[in-house]
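Notes for the structure review
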Amino acid sequence: MSTYGTVVSMALRTKHQWWGVVLDAPNAPELAHFYARLLGWRVFGREDGWATVAPSEDAGYNLAFQSEPNYVRPVWPSEPGKPLMMMHLDIEVDGLDEAVAYAVECGAELAPHQPQENVRVLLDPAGHPFCLYRD
C-alpha cells in the first residue's frame with residue numbers, strides 16, 4: 001500500500017531489471033524493423049504478431065510491437081472524434097536537421113504541426129508520433 005507518495009510496501013523486485021514499452025501496430029515486425037534501423041538497435045524475440053527491439057540482449061530495456069488487427073492510425077495533433085495518440089517517444093539527438101533527415105530516410109514522416117523550435121515531431125510508419133529533440 002502507499003499513501004500519497006509514501007511507499008509502505010516493497011517495490012517490484014526481480015533479479016534482472018528489464019522493462020519496455022509496447023506499441024500496437026498493423027504489422028509488428030515491420031514497425032520493429034523501422035525502429036531498429038532508426039535507433040541502431042537489433043530485433044529480438046520476433047514471434048507471430050510480436051517483435052522486440054533493443055540495443056543488446058542484456059540492455060535491460062526494450063521497445064516492443066504487437067500486431068493489432070483492429071489498429072487505427074492515431075491523429076496528431078488531436079481532433080475531436082478521431083483516434084488519439086496514447087503516448088509518444090522522445091529521442092534526444094545531437095543534430096536536429098540531420099536526425100530528421102535520417103528518420104525520414106528510415107520511413108518516418110515529418111508531422112505538419114511543429115509546436116517547438118528545438119523539437120521535431122515525426123510519425124512512424126504506423127502513425128505513432130515521436131519527437132526528436134535537442135536539449
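The paragraphs below set out a description of the structure included in this document. All of these numbers come straight from a predicted model, not from anything done at the bench. Residue positions are counted from 1 within each chain, in the order its sequence is given. A pLDDT threshold of at least 70 governs which residues receive local features in this predicted model, and a stricter bar of 80 or more applies before side-chain atom pairs are shown or counted, although totals over entire chains, interfaces and linings include all residues. As a rule here, side-chain values come from all non-hydrogen atoms in the structure, and water together with hydrogens is ignored.

1. What to know about the overall build of the protein chain
Stated formally: Helical segments are the DSSP runs of H or I of at least four residues, strand segments are the runs of E of at least two, and each set is numbered from the N terminus. Summary of the burial criterion: residues with accessible area below 20% of their type's maximum are buried, those above 50% are exposed, and those between are partly exposed, where the area comes from a 1.4 Å probe applied to protein chains only. Throughout, a residue-residue contact means that at least one pair of heavy atoms, one from each residue, lies within 4.5 Å.
Each helix and strand in the protein chain was counted, giving two helices and ten strands. Secondary structure elements of the protein chain, listed N to C terminal, follow the sequence β-β-β-α-β-β-β-β-α-β-β-β. Looking at the 135 residues of the protein chain, the share that counts as buried comes to 34%. Once local pairs closer than 6 in sequence are excluded, the contacts in the protein chain between residues at least 24 apart make up 53%.

2. Looking at the pattern of salt bridges
What counts here: Salt bridge, as applied in this entry: a Lys or Arg side-chain nitrogen positioned within 4 Å of an Asp or Glu carboxyl oxygen.
All told, the structure shown has three salt bridges when counted by the stated rule. With a shortest N-O distance of 3.1 Å, Arg 37 and Glu 105 are connected by a salt bridge. Separated by 68 residues along the polypeptide, Arg 37 in helix H1 (residues 28–39) and Glu 105 in helix H2 (residues 96–106) bring together distant segments of the chain. Here Arg 37 falls in the partly exposed class, since its relative accessible area comes to 40%. With a relative accessible area of 54%, Glu 105 lands in the exposed category. For Glu 79, the salt bridge identified is with Lys 82, shortest N-O distance 3.5 Å. In this structure Glu 79 comes out as partly exposed when scored by relative accessible area, which is 39%.

3. A short note on H1
Our working definition: One less than the residue count of a helix, multiplied by 1.5 Å, gives the span that helix is expected to have. Polar contacts, as counted here, are pairs of nitrogen or oxygen atoms within 3.5 Å of one another; within protein the pair requires one atom able to donate a hydrogen and one able to accept it, and residues that are adjacent in sequence qualify only if both atoms are side-chain atoms.
With twelve residues, H1 should reach 16 Å at 1.5 Å per residue; the first-to-last C-alpha distance of 16 Å fits that figure. Residues Ala 28, Pro 29, Leu 31, Ala 32, Phe 34, Tyr 35, Ala 36 and Leu 38 constitute the buried set of H1. Where H1 starts, the residue carrying a side-chain oxygen 3.0 Å from the main-chain nitrogen of Glu 30 turns out to be Asn 27. Of the residues flanking the end of H1, it is Gly 40, one or two places downstream, whose phi is positive at about 75 degrees.

4. Side note on the sheet that holds strand S9 (residues 119–123)
The condition that has to hold: A strand pair is defined by DSSP finding two or more bridges across the two strands.
Overall, mixed pairing links the four strands, which are arranged S7-S10-S9-S8 in an open sheet. Strand pairing shows two members of the sheet lacking a second neighbour, strand S7 (89–92) and strand S8 (109–110), which therefore form its edges. Inspection of the sheet shows S9 paired to strand S10 (residues 129–133) by five bridges, in the antiparallel sense. Bridging from a neighbouring strand, Arg 120 pairs with Leu 132 of S10.

5. Focus on empty space enclosed by the protein
Just so we agree on the cut-off: For cavity detection a 1 Å grid was placed over the protein atoms alone, and a set of points counts as a cavity when a 1.4 Å probe fits there but cannot get out; an open set counts as a pocket when protein lies on both sides within 12 Å along at least five of seven lines, with lining residues being those that have an atom within 4 Å of a point. Grid points are joined across faces, edges and corners, and a volume is the space filled by probe spheres set on the points. When residue character is reported, Ala, Val, Leu, Ile, Met, Phe, Trp, Tyr, Cys and Pro are called nonpolar, Asp, Glu, Lys and Arg charged, and the others, Gly included, polar.
Enumeration over the complete set of coordinates arrives at one cavity of 30 Å³ or more. Volume-wise, the largest cavity comes out at about 40 Å³. Every residue along the wall of the largest cavity is listed here: Leu 23, Tyr 35, Met 87, His 88, Leu 89, His 128 and Pro 129. For the lining of the largest cavity, the class distribution of residues is five nonpolar, two polar and no charged.

Taken by themselves, the reported measurements are silent on function.
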